[in-house]
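Architecture at a glance
These are the residues of each chain, in order.
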Amino acid sequence: MGARIMGIGSAVPPKVLTNKDLEAIVDTSDEWIRSRTGIAQRHVLEDGVDCSDLVTEAAQKAMAAAGVTPEEIDVMIVGTATPDTVFPSTACWAQPKLGLRRIPVFDLSAACSGFLYGYQLADSLIETGKAKHVLVIGAEALSRVLNWQDRNTCVLFGDGAGAAVVGPAEGDDDGLLAHSWGADGSVARLLQQPAGGTRMPATESTVADRMHTVHMAGNEVFKHAVKAMQRAAGEVLSQNGHTADDVDLFVPHQANVRIIKATVDRAGLSMDKTYLVLDRYGNVSAASIPMALADAVSEGRLKRGDLVLSASFGAGFTWAAMLYRW
Ligand code: ACO
């Protein structure tokens, strides 16, 4: 029996940066950003607010939605590429703010696939009886690692968090029904933050050369993303005997609307049944799927019993897809 999402919540920083605002920062235009990506605006953190603060707010909302108290959480997994500190983990910074017990909490580094990787782990923990309630969170403070002089990257990303309380499913046709996940590190160089780890520690030159920011070969990433998301989505549908027509809502990772449309076309899905938040949040990496799920629930697009498909692709490269009953 798989594990199900019992409650979902999100945290969105109040400060909005529109495409028009970006026109004053780099040589770009609202028209270029909208037509090439589907993004209209993104939210960015104010100074003094951390990724772990977003984790805390989203997790509190998810626990309230699930009717689960902090004392009932057994494990917390935070998918993030933008931790508060290299160590300790963002999860450890958030743990006391949430009032969790002395349970295992840790960050999971799988970039945009962090939430789906986390859900898969939570499912295994619950299925083997090692946990009953797992907080699975995707949270990003990407505005802190962007080169605000590079129009190729700074227009794409935003900040935010989404959290899910994952608990036991209520029957065989409930919760996680099928999954596929993988990675290909041989092309890791195509999307990375080169400095700040132990390979390239901070020096005056790494700061001057902006090596502590996102570096991406956009075109290459695009091609890999379409292939991996479509393949993973196809795998989970065939594993479970469902077809694309059975899917009530496709909630993909939101990096670029053109990647999503290509995935939808190739996997035989439909844009009518695809839930998009890219226009309002930009690419929020690990946070994008749970933030979209939270909005889909509050807008009434997602209700108990719906069949949901999610697929993601991110730095690593990592990818994942999941078919789950809401
Ligand atoms: N405004 C105006 N012009 C721009 C901008 C901008 N913001 N950015 C790039 N351009 C220009 C380029 O300089 C280039 O000009 P040139 O032809 O004179 O050299 C032209 O636009 C075309 O550039 P391309 O890179 O070919 O544009 P493309 O259509 O590929 O779109 C994009 C770029 C949006 C980055 C796309 O490749 C993409 O979405 N890639 C995938 C990103 C992604 O999926 N990331 C996922 C993982 S993220 C994670 O894991 C954290």
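Provided above is the structure to which this section pertains.
Okay, so let's go over this structure. (Residues numbered from 1 in each chain as written. Predicted model: local features only at pLDDT ≥ 70, side-chain atom pairs only at ≥ 80, totals over all residues. Heavy atoms only, no water.)

**A short note on the overall build of the protein**
Secondary structure summary: the protein contains 11 helices and 13 strands in total. Taking the principal axes of the C-alpha coordinates as reference, the protein spans close to 55 × 45 × 35 Å. Taking as baseline every contact in the protein between residues at least 6 positions apart, the subset at least 24 positions apart corresponds to 76%. Of the roughly 13500 Å² of accessible surface on the protein, 51% is carried by carbon and sulfur atoms. The centroid of the 29 positive side-chain charges in the protein is displaced by 3 Å from the centroid of its 38 negative side-chain charges. (Helix = DSSP H or I, 4+ residues; strand = E, 2+ residues; numbered from the N terminus. Contact = heavy atoms within 4.5 Å. Areas by Shrake-Rupley, 256 points an atom, 1.4 Å probe, with all protein chains shown as cover. Lys, Arg positive; Asp, Glu negative; His and termini not counted. Charge placed at Lys NZ, Arg CZ, Asp CG, Glu CD.)

**Quick word on the sheet that holds strand E13 (residues 318-325)**
Within the open sheet, the 4 strands sit side by side as E8-E13-E12-E11. Their pairing is mixed. Each edge of the open sheet is held by one strand with a lone partner, namely strand E8 (175-183) and strand E11 (249-250). Where E11 and strand E12 (residues 307-314) come together, 2 bridges link them in parallel fashion. The partner of Phe250 across the bridge, within E12, is Leu309. Across the sheet, helix H11 (residues 288-298) touches E11, E12 and E13, and the angle it forms with E12 is around 150°. (Pairing = 2+ DSSP bridges. Axes fitted to C-alpha atoms, helices over the stretch in contact; angles between N-to-C directions.)

**Here's the deal with the pattern of salt bridges**
Under the criterion given, the structure shown has 15 salt bridges. Close ionic contact of Asp74 with Arg101 constitutes a salt bridge, the shortest N to O distance being 3.0 Å. Placement of the pair is Asp74 in the loop between helix H3 (51-66) and strand E4 (75-79) and Arg101 in the loop between helix H4 (90-98) and strand E5 (105-108), with a sequence separation of 27 residues. Of the charged contacts in the structure, one is a salt bridge between Asp306 and Lys303, with a shortest N-O distance of 3.3 Å. (Salt bridge = Lys/Arg side-chain N within 4 Å of Asp/Glu carboxyl O.)

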